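Structure at a glance
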Amino acid sequence: MIPIELDVRNLKVSFSTPQGNFSAVNGISFQLHRGETLALVGESGCGKTVSALSILQLLPKSAANNISGEIIYSGKNLLSLGAKQMRKIRGEEISMIFQDPMTSLNPVLTIGEQLIETLLQHKSLNRKEALEKSVQLLGKVELYSPEEKLKQYPHQLSGGMRQRVMIAMALACEPKILIADEPTTALDVLIQAQILDLLENLKRESSMSMLLITHDLGIVVEIAERLMVMYAGDEVETGPTKSLLKNPNHPYTKGLILSRPHLGIEGKKKQRLIEIEGSVPNPNKRPTGCSFHPRCKWVMDKCRTQKPLAKNLNPNLKYNCHLDPGTI
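Described in the following lines is the structure provided in the data block.

What counts, and at which threshold
- Residues numbered from 1 in each chain as written.
- Predicted model: local features only at pLDDT ≥ 70, side-chain atom pairs only at ≥ 80, totals over all residues.
- Heavy atoms only, no water.
- Helix = DSSP H or I, 4+ residues; strand = E, 2+ residues; numbered from the N terminus.
- Rg over C-alpha atoms; globule rule 2.2 N^0.38 Å.
- Buried < 20%, exposed > 50% of the residue type's maximum accessible area, 1.4 Å probe, protein only.
- Polar contact = N/O pair within 3.5 Å; in protein donor to acceptor, adjacent residues only side chain to side chain.
- Contact = heavy atoms within 4.5 Å.
- 1 Å grid on protein atoms, 1.4 Å probe; cavity = no way out; pocket = protein on both sides within 12 Å on 5 of 7 lines; lining within 4 Å.
- Points joined across faces, edges and corners; volume = space filled by probe spheres on them.
- Nonpolar A, V, L, I, M, F, W, Y, C, P; charged D, E, K, R; others polar.

Here we come to the overall build of the protein chain. Secondary structure summary: the protein chain contains eleven helices and twelve strands in total. For the protein chain, whose C-alpha radius of gyration is 21 Å, the value lies close to the compact-globule estimate of 20 Å for 328 residues. With the C-alpha coordinates of the protein chain rotated into their principal frame, the extents come out at 65 × 55 × 45 Å. Going through the 328 residues of the protein chain one by one, you find that 48% of them count as buried.

This is the structure we're talking about:
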């Protein structure tokens, strides 16, 4: 049996705003196994990034006024740890690649200063050793002339280069778990493919586990063994990537699959892109019953009033919907 690196149990996160308290994550549960890539998939506003930031206790204390549940790592509940204990885990054992490297990297410090600071914080190295390690890390993420890159500032690098620097910083301390939040956002298709190949190779070399956050099912197919679909803070469907994408049971998963653009085939009539009508609901105006019912083609009366319970089709596949398996 493959060991479990991270076990998230009934995670709930709510925020305090001038309009009142609202729930961003509504009791999701998942397990991340050693050496596995699990993808959290859904539109913007579904709670994917909030879930990831909760793992590392990076949500602002002033706003995130209620976080409950359990996040078990190495036998400890991360939600119960203090700031000092979390600083040791954060970056050293669990690292994160943030969504936008231009805003995540410090614009007034060189790449070298930022990498060296990370190594000095977590590793027993002197400054010279940290500098040598930084050169090795930039080489590992396939940045040419790493010595020169260490002297440059973030604005002097391209988007793909900055993303490679973020990956180098995340992997500097050889973490057991890497959280990658939209790691290819705003990059062109060629650079996206290079970044994904790089992440997959680095993961394979170190038996690292990866939690991938994305809305792009094309990325999921390439590198994730399992995926969890989220909608409006809820877990709606979880299972092995290939089987779930081939035979989805939740209407939202089906909608995401159908909305993917496809290359036209010569001789066949071009078809309009199939979209999911409507948008993700405002967290403080969440619909009653199933949150997806205002956008669902298969909506029934009970969908409007009753929140669906999880249906386990087998130990690895479950979905939250009133519809029977195989309906859609």
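Moving on from the coordinates now.
The subject of this paragraph is the environment of P294. Mapped onto the secondary structure, P294 falls in the loop between α11 (251-258) and β11 (310-314). Taking the relative accessible area as the measure of exposure, P294 reaches 54% and is therefore exposed. Through-space distance from the C-alpha of P294 to that of G278 is 7.9 Å; in sequence the pair is 16 residues apart.

Once that is clear, we can look at the side chain of R164. Topologically, R164 is positioned in helix α7 (residues 159-171). The buried category is assigned to R164, whose relative accessible area is 8%. Side-chain polar atoms of R164 contact the backbone oxygen of V141, separated by 2.9 Å. When neighbours within four sequence positions are excluded, R164 is seen to be in contact with V141, E142, L143, Q194, I195 and L198.

The next point concerns empty space enclosed by the protein. Tallied over the entire structure, the rule returns one cavity of 30 Å³ or more. For the largest cavity, the calculated volume is near 80 Å³. Forming the boundary of the largest cavity are 13 residues, of which P251, C290, C296, C303 and C321 lie nearest the centre. A class-by-class count of the residues in the lining of the largest cavity yields ten nonpolar, three polar and no charged.

Estimates place the volume of the largest pocket at around 630 Å³. Lining the largest pocket are 21 residues; nearest its centre among them are G91, F98, T118, H122 and M169. Those elements that place two or more of their residues in the lining of the largest pocket are β6 (94-97), α4 (111-122) and α7. Of all the elements, α4 adds the most residues to the lining of the largest pocket, at five residues. Class assignment of the residues belonging to the lining of the largest pocket gives a composition of ten nonpolar, eight polar and three charged.

These figures come from the coordinates and say nothing about function on their own.
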